[in-house]
Amino acid sequence: MMFHVKHIVVLFFLFPFLSYAQGNFTLKDTPFVVHIPVDEQIQSQLERELSKSGSSKEEKEFFYWVNYLRKNPGLFYTNCVVPFLKQFPEANGKEAKSLEKDLMASPKLTLFSFSPVATGAAKEHCADLALKQNSIGHTSSDGKSFSTRMRIAGLTKCAAENLYTGKGEPLLSLMMLLLDLGLEVPGHRKNLLSPWYNQMGISIQTHRSMKRIVLVQIFTCS
């Protein structure tokens, strides 16, 4: 599995561009499923905001789990991370320990609302990565940088982007982004737990190899 992140804030041009290296990690090939009650508040918001969005089942599920994480990071650790590490002990290293520390210390965060603009930008880049490029990155196949892509999309206040490619299970994808296995800086995690962002767009598409998915997640603020 490969995942890649770029964290960019251009709010009044006061914050620097930050980029993080790509990480690779392999898990045993078994499905990851947790059996916990559905959060009705999150599910209701999901149905209200995404019912006419054209989002796929996998995209809606990923959106649900991200907001489940945001609503109560400590509970997410207990209900999702603990069983994940039990099923995949190969992922239980230093990154898992830092994730436990970060989630247990994190306050409850604002749920992400659906952003049509961020979703449009995510779909465009996801299609480009899935159909035209051999590796994942924040530059388009025609040479547009992340900042250029965001400016063209109209996301000029603040934006950040997480990328993932691998097995197409929404909760597992989120788990890999949170763990940031093999990376010096947990950039995906920082984006997911940032209080700066309150809107999100997501696109999940099948890579042309038909062997993996590509996921593009774009964060922004109102």
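Located above this text is the structure these notes cover.
Rules used in this analysis
Residues numbered from 1 in each chain as written. Predicted model: local features only at pLDDT ≥ 70, side-chain atom pairs only at ≥ 80, totals over all residues. Heavy atoms only, no water. Disulfide = S-S within 2.5 Å. Helix = DSSP H or I, 4+ residues; strand = E, 2+ residues; numbered from the N terminus. Buried < 20%, exposed > 50% of the residue type's maximum accessible area, 1.4 Å probe, protein only. Axes fitted to C-alpha atoms, helices over the stretch in contact; angles between N-to-C directions. Parallel < 35°, antiparallel > 145°, perpendicular 65-115°, else oblique. Contact = heavy atoms within 4.5 Å. Pairing = 2+ DSSP bridges. Polar contact = N/O pair within 3.5 Å; in protein donor to acceptor, adjacent residues only side chain to side chain.

A. Up close: the state of the cysteines. All told, the structure shown has one disulfide when counted by the stated rule. Bridging cysteine 158 to cysteine 221, the disulfide has an S-S length of 1.7 Å. Separated by 63 residues along the polypeptide, cysteine 158 in the loop between α6 (146–153) and β4 (159–166) and cysteine 221 in the segment after β6 (213–220) bring together distant segments of the chain. Residues cysteine 158 and cysteine 221 agree in their burial class; the two are buried.

B. Spotlight on the packing of helix α2 (residues 57–71) against helix α3 (residues 73–87). Where α2 contacts α3, the two axes come as close as 5 Å, and the packing angle between them is 120°. On the basis of the axis angle, α2 is oblique to α3. Residue-level inspection shows Trp65, Tyr68, Leu69, Arg70 and Lys71 of α2 in contact with α3, the latter providing Pro73, Leu75, Phe76, Asn79 and Cys80.

C. Representation of the pairing of strand β5 (residues 199–206) in the model. Bridge analysis of strand β3 (residues 113–114) against β5 gives two bridges, and the strand direction is parallel. Note that in β5 the partner of phenylalanine 114 across the bridge is methionine 200. In this sheet, β6 lies alongside β5 in antiparallel orientation, the contact comprising eight bridges. Within β6, the position partnered with glutamine 199 by the bridge is threonine 220.

D. Region of interest: the side chain of asparagine 162. Of note, asparagine 162 is situated in strand β4. There is a polar contact of 3.4 Å between the side chain of asparagine 162 and the backbone oxygen of histidine 188.

E. How the structure looks around the pairing of β6. Within β6, eight of the eight residues are buried, which leaves it mostly tucked inside the rest of the structure. On β6, burial covers both faces: Ile213, Leu215, Gln217 and Phe219 on one face and Val214, Val216, Ile218 and Thr220 on the other are all buried. Relative to β6, β4 is paired through eight bridges, and the arrangement is antiparallel. When the sheet's bridge partners are listed, threonine 165 is paired in β6 with valine 214. Linkage of β5 to β6, two consecutive antiparallel strands, is achieved through a turn of six residues, within which methionine 210 is found at a positive phi near 65°.

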